[in-house]
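# Structural overview for review
Read off the chains here:
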Amino acid sequence: MAQLSDDCFAFGGALLPLDAARAEIAARYTPRTSTETIPLRDACGRILAADAVAAMNLPPLHNSAVDGYALRHADLALDRPTLLPLFGRAAAGDAPASAIPRGHASRIFTGAIMPEGTDTVMMQEDCAVTEGGVLFQPGLKPGANSRPAGEDVARGATALHAGRRLSPADIGLLSALGTSTITVRRPLRVTVFSTGNELRDPPAPLAPGQVYDANRAMLTALLARLGVIVTDGGILPDQLPPTAAALAAAAATADLLITSGGVSTGEEDHVRAAIESAGSLTFWRVGIKPGRPVALAEIGTTPLLGLPGNPVAALITFAALGRPLLDRLAGARFVPPTRYPVRSGFTYRKKTGRREYVRVQIDADGTATRYPKEGAGILTSLTESDALMELPEDMTLLAPGDFAPCTPLGLLFD
Ligand code: AMP
Ligand code: MG
């Protein structure tokens, strides 16, 4: 029967909503990684294994935020300048100074401990130094220009939660809290396969009908940025026995298998059949576009994610489903990438029952234009777009001027 529709969802029954697919992943899997303790300086990008609870206040003591003069706020007149004689000097790194007498001010520098009895600092730019002392203008708020102990993190508070992928800022915070070693998850081991008789690896010459493999290189790069140990499973031919054998062999050592291509219903699509012979299929039809079928399966106890072959669909389904799966297995908390409301400059009609990701460019005044070439194999639609606009399952029409959530493409790779 000729397929007259260009809609790849036209045949084959109900689609699993994306949220249901994610819920299935969360319910079905627990982390597969053990933990290790490593130097903090090596921990950027690693996944925190346990809550980081502050063993101290940050900052440890009440200190000055500026160069200036520390005083008791109660010593200032509210309606006219106050002259206070100087007593003492406190610089960063000095031991806490002794208490200053009432009605006096202390010279103080940024980071110095507030002398006992003082609560407020006047910036030096705002003071007039005279022979008799320092003249303070009225209007300073109590506590101004000082940093109370524990204002950043209080002792006993959770500074960072387990499952967090440590950023450079996180490393800074942990170091400020006195951390030198940290317990993190060991990296997940993922084997990546491509499938298709037409695929070759560069620089091998191409015969007519052949194309170079984009997905293995792309997925390997994506996974490496997520701290995964990637094993190259190579290119599998469009034949059931070698595909089933390769998946079964890889499942013995990997925490996760990822394939691309071969999961549709065509007679050259052997991945689904191989899964059914070597393991079991959990789902393979998810309501996401671009996507075409994307499969979740198990080979023995090892999960397998079967991505579509078209590179754009492979990347988008990885972001939508692969990332939550990977995070779950790796012991990371999945945080959907931030979406920002953006005004559409175009009309878009869609079917209900599937979530669509539209590649858009966003101009300087914040209006989104649809990338003109929309095929799921058009890789430049990813390299030249700014963001993915996410249109929900129940939407049928996006009109110019409507706002829709957009995720900057770069956030998909963090
Ligand atoms: P499939 O899902 O196997 O039917 O593949 C759909 C389309 O994506 C076909 O045009 C394939 O040639 C192409 N494709 C599949 N895998 C890859 C890959 N690894 N790199 C580039 N294109 C691919
Ligand atoms: Mg194929």
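In short, a report on the structure. These figures come from a predicted structure and were not determined experimentally.

The local shell around ligand 1 holds 15 residues, among which E198, D213, A214, G262 and G309 are the closest. Within the backbone of G262, an N or O atom sits 2.9 Å from an oxygen atom of ligand 1. Backbone polar atom of N310 to an oxygen atom of ligand 1: 3.2 Å apart, as the coordinates give it. Of the residues that constitute the shell around ligand 1, the class distribution is four nonpolar, seven polar and four charged.

Another point: the sheet that holds strand 4 (residues 68-71). The strand order 6-7-4-8 describes an open sheet built from four strands, whose pairing is mixed. Taken across any chain shown, the strands that pair with only one partner, and hence form the sheet edges, are strand 6 (86-90) and strand 8 (120-123). Strand-to-strand twist in this sheet, taken as the mean axis angle between neighbours without regard to direction, amounts to 30°. Summarising the sheet, strand 4 and strand 7 (residues 105-108) pair through three bridges and their orientation is antiparallel. Residue pairing for strand 7: Y69 is matched across the bridge by R107.

Counting 41 residues, the largest nonpolar core has V190, I258 and F318 as the members making the most contacts within it. Elements with a contribution of two residues or more to this core: helix 1 (18-28), strand 14 (189-195), helix 3 (215-225), strand 18 (256-260), strand 22 (302-307) and helix 6 (311-330). Among the elements that take part in this core, helix 6 stands out by supplying twelve residues, more than any other. Inspection of this core shows a minimum of three residues originating in each of domain 1 (18-33 + 187-330) and domain 4 (340-411). With residues up to four places along the chain from it excluded, the contact list for V190 reads L223, V228, I229, V230, T231, L256, I258 and L326. Formed by 17 residues, the second largest nonpolar core is a distinct cluster that contains A244, V271, W284 and A295.

The next point concerns helix 2 (residues 168-176). Turning to helix 2, its buried residues number three or more, namely D170, I171 and L174. Along the axis of helix 2, the buried residues cluster in a sector spanning 100°; they form a single face. Seen from the open side of helix 2, the exposed residues pointing more than 90 degrees away from its buried face are P168 and A169. Elements that come into contact with the buried residues of helix 2 comprise strand 2 (52-53), strand 12 (158-160) and strand 13 (181-185). Looking at the residues trailing helix 2, positive phi occurs at G178, about 90°.

Glancing now at the sheet that holds strand 14. The mixed open sheet is built from six strands, whose spatial order is 17-14-18-22-21-19. The strands lining the two open edges of the sheet, one partner per strand, are strand 17 (229-236) and strand 19 (280-283). With direction set aside, neighbouring strand axes in the sheet form an average angle of 25°. Bridge count for strand 14 against strand 18 is five bridges, and the pairing is parallel. In the strand pairing of strand 18, S194 is matched with S260. Relative to the sheet, helix 5 (residues 271-278) contacts strand 14, strand 18, strand 19, strand 21 (295-299) and strand 22, its axis offset from that of strand 19 by approximately 120°. Strand contacts of helix 6: strand 14, strand 18, strand 19, strand 21 and strand 22, with the helix running at about 170° to strand 22, the strand carrying the most contacts.

Now for the environment of T158. Positionally, T158 belongs in strand 12. C-alpha of T158 to C-alpha of P337: the two residues are 179 residues apart in sequence and 23 Å apart in space.

Here is what the cut-offs are and how they apply
- Residues numbered from 1 in each chain as written.
- Chains lettered and ligands numbered in written order.
- Predicted model: local features only at pLDDT ≥ 70, side-chain atom pairs only at ≥ 80, totals over all residues.
- Heavy atoms only, no water.
- Near = heavy atom within 4 Å.
- Polar contact = N/O pair within 3.5 Å; in protein donor to acceptor, adjacent residues only side chain to side chain.
- Nonpolar A, V, L, I, M, F, W, Y, C, P; charged D, E, K, R; others polar.
- Pairing = 2+ DSSP bridges.
- Helix = DSSP H or I, 4+ residues; strand = E, 2+ residues; numbered from the N terminus.
- Axes fitted to C-alpha atoms, helices over the stretch in contact; angles between N-to-C directions.
- Core = buried A, V, L, I, M, F, W, Y, C linked by side-chain atoms within 4.5 Å.
- Buried < 20%, exposed > 50% of the residue type's maximum accessible area, 1.4 Å probe, protein only.
- Domains from an automatic or database assignment.
- Contact = heavy atoms within 4.5 Å.
- Arc of directions from axis to C-beta.

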